[in-house]
Structures are given as structure tokens and as C-alpha cells.
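This is what each chain is made of:
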Amino acid sequence: HPKLTVYRLLVILITLGFGVSKAVLSYQGRTIVPITLEWFFGTGVFLLLYWLGLYESNLIGLMPYLFTTDYSSNIKGPLSPP
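Calculation notes
Residues numbered from 1 in each chain as written. Predicted model: local features only at pLDDT ≥ 70, side-chain atom pairs only at ≥ 80, totals over all residues. Heavy atoms only, no water. Helix = DSSP H or I, 4+ residues; strand = E, 2+ residues; numbered from the N terminus. Buried < 20%, exposed > 50% of the residue type's maximum accessible area, 1.4 Å probe, protein only. Areas by Shrake-Rupley, 256 points an atom, 1.4 Å probe, with all protein chains shown as cover. Contact = heavy atoms within 4.5 Å. Patch = residues over 30% accessible without salt bridge, like charges linked within 9 Å, V, L, I, M, F, W, Y side chains within 5 Å. Salt bridge = Lys/Arg side-chain N within 4 Å of Asp/Glu carboxyl O.

1. With respect to the overall build of the protein chain
Step number 1: Helix and strand counts for the protein chain stand at four helices and zero strands.
Step number 2: Going from N to C terminus, the protein chain has its helices and strands arranged as α-α-α-α.
Step number 3: Projecting the C-alpha coordinates of the protein chain onto the three principal axes gives extents of approximately 45 × 40 × 15 Å.
Step number 4: Burial statistics for the protein chain: of 82 residues in total, 13% are counted as buried.
Step number 5: With an accessible surface of roughly 6,300 Å², the protein chain has 73% of that area assigned to carbon and sulfur atoms.

2. Looking at the environment of Phe-46
Step number 1: Counting through the fold element by element, Phe-46 comes out in helix α2 (residues 32-54).
Step number 2: Separated by 35 residues in sequence, Phe-46 and Val-11 place their C-alpha atoms 9.5 Å apart.

3. Things to note about the environment of Thr-69
Step number 1: Secondary-structure assignment places Thr-69 in the loop between α3 (64-67) and α4 (72-79).
Step number 2: Separated by 63 residues in the primary sequence, Thr-69 and Val-6 have C-alpha atoms spaced 7.6 Å apart.
Step number 3: Those residues in contact with Thr-69 that sit more than four places away from it in its chain are Leu-4, Thr-5 and Pro-64.

4. A closer look at a nonpolar patch on the surface
Step number 1: On the surface, a nonpolar cluster with roughly 660 Å² of combined accessible area is contributed by Phe-46, Leu-47, Leu-48, Tyr-50, Trp-51 and Leu-54.
Step number 2: Within the secondary structure layout, Leu-48 lies in helix α2.
Step number 3: Overall, the relative accessible area of 46% leaves Leu-48 in the partly exposed class.

Remember, this is a structural readout, not a statement about activity or role.
Right, here's the structure in full:
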């Protein structure tokens with residue numbers, strides 16, 4: 001299985017936060033705020049995550065704290081059945 005690094009956890013949580021917030025705002029009948037949120041996440045956050053993703057497989061080892069430590073055992077332990 002792939003490593004669960006800080007970068008991948010960040011991607012998962014940002015995507016989840018975006019999806020939930022857009023769904024709640026759309027459910028409330030708002031139209032402008034979800035579109036603005038989509039533009040913000042679609043451009044700014046995507047570019048930031050894309051830029052960070054380029055460093056995930058770099059050879060110089062920039063920002064190793066984002067890409068090397070595997071946190072899957074920390075999360076798998078409490079969620080795994082007894």
C-alpha cells in the first residue's frame with residue numbers, strides 16, 4: 001500500500017473539506033459562495049498542491065518531512081478491528 005505521508009494526508013483533508021463545504025452551501029441554497037469556493041480551490045489550492053507534488057519524487061530531498069514519514073500505522077491501529 002502507498003505511504004500515508006503529510007502531503008497525502010493534506011490532499012485528502014483539503015479535498016474532503018472542499019467537498020463537504022460545497023455540498024453544505026449548495027444544500028442551503030446558496031449559489032455564489034460555492035462557485036467562489038470552487039474557483040479558489042480549483043486554481044489556488046490546486047496549484048499549491050501540484051507544486052508540492054512535484055517535490056514528492058525529487059532527488060534532492062527537499063521538504064522530507066512532507067513526503068517520507070509514513071503515518072498509516074498510526075491511523076490503521078485505532079481503526080482496525082480487534
